[in-house]
Protein chains: 2
Amino acid sequence: MGTESYTGKINRKLNKKLRIVEVAAGRQKADLVLKNAAYVNVFSNEICQGDIAVAEGLIVGMGRYEGEREVDVSGKIVLPGFIDAHIHLESAMVSPKEFAKAVLPHGTTTVITDPHEIANVMGTDGIEYMLQATEGLPVDVRFMLPSCVPATPMDESGAVLDYRTIDSFYDHPRVQGLAEMMNYPGVIGADPQVLEKIVAAQAHHKKIDGHAPGLLDNDLNAYIAAGVYSDHECYDPADAIAKLERGQFIMIREGTAAHNLEALLPLLTPQYAERCMFCCDDKHPSDLLEKGHIDYNIKEAIRLGVDPILAIKVACHHAARYFLLNNRGAIAPGYLADFVIIDNFQDFRIEKVYKKGTLMFDGREVADFPAPEVDPYLVKRSRDTFHVAHLTAQDFAEHRPRGIIGMVPGEIVTEDQGYSDHIDVEWDILKAAVVERHKNTRHIGIGYLQGYGLKSGAVATSVSHDSHNIIVVGTNEEDMAAAVNRVVENRGGIVVMDRGEVKAELALPIAGIMSDDTLENVNEALERAKEAAFALGVSRGIDPFMTLSFMALPVIPTLRLTTRGVIDVAKQQYI
Amino acid sequence: MGTESYTGKINRKLNKKLRIVEVAAGRQKADLVLKNAAYVNVFSNEICQGDIAVAEGLIVGMGRYEGEREVDVSGKIVLPGFIDAHIHLESAMVSPKEFAKAVLPHGTTTVITDPHEIANVMGTDGIEYMLQATEGLPVDVRFMLPSCVPATPMDESGAVLDYRTIDSFYDHPRVQGLAEMMNYPGVIGADPQVLEKIVAAQAHHKKIDGHAPGLLDNDLNAYIAAGVYSDHECYDPADAIAKLERGQFIMIREGTAAHNLEALLPLLTPQYAERCMFCCDDKHPSDLLEKGHIDYNIKEAIRLGVDPILAIKVACHHAARYFLLNNRGAIAPGYLADFVIIDNFQDFRIEKVYKKGTLMFDGREVADFPAPEVDPYLVKRSRDTFHVAHLTAQDFAEHRPRGIIGMVPGEIVTEDQGYSDHIDVEWDILKAAVVERHKNTRHIGIGYLQGYGLKSGAVATSVSHDSHNIIVVGTNEEDMAAAVNRVVENRGGIVVMDRGEVKAELALPIAGIMSDDTLENVNEALERAKEAAFALGVSRGIDPFMTLSFMALPVIPTLRLTTRGVIDVAKQQYI
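The following refers to the structure shown. Keep in mind the model is a prediction, meaning the values are calculated, not measured.

## Side note on the overall build of chain A
1) Next: Each helix and strand counted, chain A has 17 helices and 27 strands in total.
2) Next: A globule of 575 residues ought to have a C-alpha radius of gyration of about 25 Å, and chain A, at 25 Å, matches this closely.
3) Next: The principal-axis extents of the C-alpha atoms in chain A amount to approximately 85 × 50 × 50 Å.
4) Next: For chain A, the share of sequence-separated contacts (at least 6 apart) that also reach a separation of at least 24 residues comes to 68%.
5) Next: With the model as given, the accessible surface of chain A reaches about 19600 Å², and the carbon-plus-sulfur share is 49%.
6) Next: Within chain A, one finds 56 positive and 81 negative side-chain charges whose respective centroids are separated by 5 Å.

Structure (structure tokens):
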């Protein structure tokens, strides 16, 4: 298709259009008709009745129709497919194909992803890998380009992306804009290198998503005036309304790490809901399997008293309009035949899911579909992201005093607990290290961690925000070295090591952050690894790997550990 | 700017952005601050309070600000500038500059125009003329490309526009899409030459406006499934809701010829209003001077009980979102500083109008601004659109029986009144003719007209939908020929002729449909011409020229007159 002439393209689309009009007008049979449907009409804000006719993957009409295939949906409710307005697909730790399989039963037919994690590892190759690995999936995956790689100047990531580096991606038909502009101090401070990313996105007529927890008043004005159109970090109504009334769209987030839905219920009312959509930001395997996806947001909203039709609009139509995906998020002529069929709003059991008129979930299983073909160079590149020499205990030896990062149960913020010059298991003072793994710099930042609870061995993971270096914590340097070496051998993932023996592990060979396996198998391996970590003493109140994965992110207070040592986040100084 | 590099463009925009952020953050003084404003917030659906700061023509923040210029607006209400979603600018019979001067005091800061009239005369030169003649005006003029030139195959227009002919205009930054697809039978009947126009507009990711009065059920589905996103022809709520619930946006029309606002009041409610906007379609000089523009729609809506904030949203925000003009239609950071300042919602007196932060109307007069420069070739071309040989009474002689078109007072539909073979002033049977004037074909269609009332002389006009040939009606062939010759001499316009003497006239030298003069002068000339026509006997119940201008449009029942004779519209046959 790449060499198709403009006339050829018009003629190809015209042929499809002729068929659509013939079917819509009732002169030809539809490909599929959902007979006797009750469906949510997001335009008239009510439940409408009628047959829904489909041709060429599109809805062509509602009323009375005949089809080659007819499915009686009497007594059910037909909804437009759901849209996740902001997710890092990598958070599910599986390939995009496996992700699609996992979310289809939950009614998701479109997600907008920010490939921020893989871009921190592989740069533009990471973005291209994700674009190719999502091409033609039965969940439409749209992209926002990572705006902050690396996340901070203190990070040693696999790539540095300025506006020119990502610019050509705006021409890709599935790229909708620039992803969450986390560097809000840079925006407000008028940093030219930050602002030119926004300017370039605007020059391409693209959307720019925000990320600015708690920003207020003139600083918020500056952030929005710069060209940031949405926010998904709102945690209370005052914060959200301050943004909404200045024109930002609010993505109400309910994911694995953050739960904002209940706090933001006042937004799910006629006064504000038009400017709201749902997102999950990140979704870990167990959460996806146990709670679901955007359907969970809807169910929760309805359970908490939100009008079901309004909740459905927030779950599909508003995101479609925001992202200018004007052919979805509604049941109407010309829209994609993406349907979710449920029993009723209270039980909200998803009985069938259609993508572009094809039944993808029949209530029991997901229909098979091929994995998108990815350029062999990119496949090879994605499996070869660790460049770290073999490590020994000596590499973790350090006798100078180093800061102690105090973990806070149930939180990702940390406390400054002074310093130490040795491991003290009795006082729960463990050694921690971040090993640079992209460019074989041999940079190893060392510090101490309190509150993790490990009594023996070491835990290492290459899922480590946002640069995805290897973070390791241990009771002794031998196991720390062994754990890191094992992560590298596995080309990424999680390892629980004790006395030189692998107690449990999960390999994540795609860029060190995603598995090739199914979501179920990844979840099982992850649960086994968690149990192994708990068995070695890790406190049951914390997630042994997720908590660890935030310890290297030098934007969250108070202390963090980078490849260059322990940093005081507020002062932006190494201690 | 045409040869600016991409990097140059980004740097230029970056410099502007840096200033915007500095001002928004409060580190630099704003260009303008509206102090102590109460303004309509279209996002939170309420009146908000605060200073509104402006820099670089954009709103940068609301709150507390200082400015180089400060204007206290205590006690007033600040609104976003109004948008007319669909207008044929030519209907005001003045140049675009004069049009802008006329609508600014009414708060209009953006109009979406369909240059259908001039395109029927000058083809793509007409579109280009209007684009150039609107460049940089203080009313932002956006374009929808004419979809139906000629309006029907029976028309002899100045040009024939297929999809390829107009295609390159989609690249123009002020072209938003394809204008009203009046040929709905062609769409529903799957005429490839009609559908490919829609396909091409979609390929450019553009909007497609509709025009389909009373279409229902599967035909309506077919029309919408084809890709038509709006309608401005709705005349009752059932018609409008049928379209709205299938996904079309409804442009509620209140113009000179059609008055749909009152009938469509049920749409101006929370259930439906999100999908509605205002338009006037056409606006004649006297109407513009006496009633106003979109402000009239708002005032009427409020008078009839519509919530003022909702009416304001319909008048600006909804059109902006529909046309993807995402930097206007709201008062928020990053939006154009287009303001309308009124005293209160009941009196709705417009006290000031700002365009991009510049005061354009101070309550008394409109600030001066330059006329856009138009390519001399196009200027010359626009003044040279009549190609008709000198006519004599003999050209209108005709002794075979011809159909009698019966005018209906207050309507533009006509009745079939049989036939005649001679003028009979006593029985009000006048001779009428349509003279082809674009290509000197010497085609003159002759018929009879009943109900016009003329007792002596002839009336001719080159404003004659949609082909703008010259239509003439008279009590004798000598005056008919003289009137047409005079129209041609004037390069277009309206002439009232009696016994070889010009009783009154209005020259419209721009394409035969627009004047170079001011709106006030055009209106005065038009009123004088009307009086002259009435003095010659034309019934006072009809508009002597507007009614005549629809007599040549072979899409409105029952009989019409074309350059080839009288046509039965329903049968599409000459009689």
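Once the structure has been displayed, the description carries forward.
## Let's talk about the interface of chain B and chain A
1) Next: Listed as interface residues are 68 residues of chain B and, on the opposing side, 68 residues of chain A.
2) Next: For the chain B and chain A pair, buried surface summed over both sides reaches about 5400 Å², with 54% attributable to carbon and sulfur atoms.
3) Next: It is K17(B), F43(B) and R321(B) in chain B that bury the most area against chain A; as a group they hold 12% of the surface buried on that side.
4) Next: Across the chain B-chain A interface, the total number found is two salt bridges.
5) Next: Residues K313(B) and E274(A) are paired through a salt bridge, measuring 3.5 Å at the closest nitrogen-oxygen approach.
6) Next: Linking chain B with chain A are 26 residue pairs in polar contact (both at pLDDT 80 or more), by the criterion used here.

## Here we look at the relation of the copies chain B and chain A
1) Next: Superposing chain B onto chain A takes a rotation of 180 degrees plus a shift of 0.0 Å along the axis, which leaves an RMSD of 0.1 Å. Considering both components of the superposition, the chain copies are consistent with a two-fold axis.
2) Next: In this assembly, 100% of the residues forming the interface of chain B have copies in chain A that are likewise at the interface, indicating an isologous arrangement.

## Comments concerning the sheet that holds strand β27 (residues 573-574) of chain A
Residue and element names in this part refer to chain A.
1) Next: Ordered in space as β25-β26-β27, the three strands form an open sheet in which the pairing is antiparallel. In this open sheet, the two strands that pair with only one neighbour each are β25 (559-562) and β27.
2) Next: With four bridges connecting them, β25 and strand β26 (residues 565-568) associate as antiparallel partners. Bridge pairing in β26 places L561 opposite V566.

## Quick word on the packing of aromatic side chains
1) Next: The full count for this structure, using the stated rule, is twelve aromatic pairs over all chains.
2) Next: Summarising the aromatic geometry, the rings of Y184(A) and Y223(A) are spaced 6.4 Å apart at their centres and angled 85 degrees between planes, so their arrangement reads as edge-to-face. Taken together, the residues span a long stretch of sequence, with Y184(A) in helix α6 (residues 184-188) and Y223(A) in helix α8 (residues 217-225) at a distance of 39 residues.
3) Next: Under the relative-accessibility criterion, Y184(A) is labelled partly exposed at 23%.
4) Next: Owing to a relative accessible area of 0%, Y223(A) belongs among the buried residues under this scheme.
5) Next: Ring centres 4.6 Å apart and planes at 75 degrees place the aromatic pair Y322(B) and F323(B) in the edge-to-face group. Of the two residues examined, Y322(B) and F323(B), each falls in the buried class.
6) Next: An aromatic cluster is built from F249(A), Y322(A) and F323(A), whose rings are joined through pairwise contacts.
7) Next: One residue, K207(B), lies across the ring of Y229(B), its end atom 5.1 Å from the ring centre.

## Overview of the side chain of H88(B)
1) Next: Looking at the element boundaries, H88(B) is found in the loop between β6 (82-87) and α2 (96-103).
2) Next: Leaving out residues up to four positions away in the same chain, H88(B) has contacts with T113(B), D114(B), H116(B), E117(B), E180(B) and D281(B).

## So, the packing of α8(A) against helix α1 (residues 6-24) of chain B
1) Next: At a closest axis distance of 8 Å, the pairing of α8(A) and α1(B) adopts a crossing angle of 165 degrees. One way to sum up the angle between α8(A) and α1(B) is to call them roughly antiparallel. As for how α8(A) packs across α1(B), the hand of that crossing is right-handed. Judged by residue contacts, N218(A), N221(A), A222(A) and A225(A) of α8(A) engage K17(B), I20(B), V21(B) and A24(B) from α1(B).
2) Next: When the residues that make up the contact of α8(A) with α1(B) are grouped by side-chain class, the tally is five nonpolar, two polar and one charged.

## A word on helix α1 (residues 6-24) of chain A
Residue and element names in this part refer to chain A.
1) Next: For α1, spanning 19 residues, the distance from its first C-alpha to its last is 26 Å, which sits close to the expected 27 Å at 1.5 Å a residue.
2) Next: Those residues of α1 that sit buried are I10, L14, K17, L18, R19, I20, V21, E22, V23 and A24.
3) Next: Of the residues trailing α1, G26 is marked for its positive phi of about 90 degrees.

## Some thoughts on the pattern of salt bridges
1) Next: Within this structure, the stated rule accounts for 70 salt bridges over all chains.
2) Next: With a shortest N-O distance of 3.4 Å, R564(A) and E156(A) are connected by a salt bridge. Residue R564(A) is located in the loop between β25 and β26, and its partner E156(A) is located in the loop between β8 (140-145) and α5 (163-167); the two are separated by 408 residues in the primary sequence.
3) Next: Two residues, D140(B) and R328(B), come together in a salt bridge whose shortest N-O distance is 2.5 Å. In this pair, D140(B) sits in strand β8 (residues 140-145) while R328(B) sits in the loop between α13 (317-322) and β14 (339-342), placing the two residues 188 residues apart along the sequence.

## Topic: the nonpolar core
1) Next: Ranked by internal contacts, the top residues of the largest apolar core, which has 358 residues, are Y452(A) and Y452(B).
2) Next: With near-sequence residues (within four places) excluded, Y452(B) lies in contact with M407(B), D428(B), L430(B), V459(B), V473(B), G537(B), V538(B), S539(B), I542(B), P544(B) and L548(B).
3) Next: In this structure, A433(B), I470(B), V484(B) and V495(B) belong to the second largest nonpolar core, which totals 19 residues.

## A look at helix α16 (residues 519-535) of chain A
All names here are of chain A.
1) Next: Between its first and last C-alpha atoms α16 spans 24 Å; for 17 residues at 1.5 Å apiece the expected length is 24 Å, and the two agree.
2) Next: Three or more residues of α16 are buried, namely L519, V522, N523, A525, L526, A529, K530, A532, A533 and F534.
3) Next: In this structure, the buried side of α16 is in contact with α2 (96-103), α10 (285-290), β23 (493-498) and β24 (501-507).

## Looking at the sheet that holds β8(B)
All names here are of chain B.
1) Next: Across the sheet, five strands lie side by side as β6-β7-β8-β9-β10; this open sheet has parallel pairing. With partners counted over all chains shown, the strands left at the sheet margins are β6 and β10 (207-210), one partner each. The sheet shows a mean angle of 30 degrees between the axes of neighbouring strands, taken without regard to direction.
2) Next: Those strands touched by helix α11 (residues 294-303) are β6 and β7 (108-113), and its axis lies near 105 degrees from that of β6.

Analysis parameters
- Residues numbered from 1 in each chain as written.
- Chains lettered and ligands numbered in written order.
- Predicted model: local features only at pLDDT ≥ 70, side-chain atom pairs only at ≥ 80, totals over all residues.
- Heavy atoms only, no water.
- Helix = DSSP H or I, 4+ residues; strand = E, 2+ residues; numbered from the N terminus.
- Rg over C-alpha atoms; globule rule 2.2 N^0.38 Å.
- Contact = heavy atoms within 4.5 Å.
- Areas by Shrake-Rupley, 256 points an atom, 1.4 Å probe, with all protein chains shown as cover.
- Lys, Arg positive; Asp, Glu negative; His and termini not counted.
- Charge placed at Lys NZ, Arg CZ, Asp CG, Glu CD.
- Buried area = accessible area lost by both parts, 1.4 Å probe.
- Salt bridge = Lys/Arg side-chain N within 4 Å of Asp/Glu carboxyl O.
- Polar contact = N/O pair within 3.5 Å; in protein donor to acceptor, adjacent residues only side chain to side chain.
- Least-squares fit on C-alpha atoms with pLDDT ≥ 70 in both.
- Pairing = 2+ DSSP bridges.
- Phe/Tyr/Trp six-rings, centres within 6.5 Å; stacked < 30°, edge-to-face > 60°.
- Buried < 20%, exposed > 50% of the residue type's maximum accessible area, 1.4 Å probe, protein only.
- Lys NZ or Arg CZ within 6 Å of the ring centre and 35° of its normal.
- Axes fitted to C-alpha atoms, helices over the stretch in contact; angles between N-to-C directions.
- Parallel < 35°, antiparallel > 145°, perpendicular 65-115°, else oblique.
- Left-handed = near helix turned anticlockwise from the far one by under 90°.
- Nonpolar A, V, L, I, M, F, W, Y, C, P; charged D, E, K, R; others polar.
- Expected span 1.5 Å × (residues − 1).
- Core = buried A, V, L, I, M, F, W, Y, C linked by side-chain atoms within 4.5 Å.

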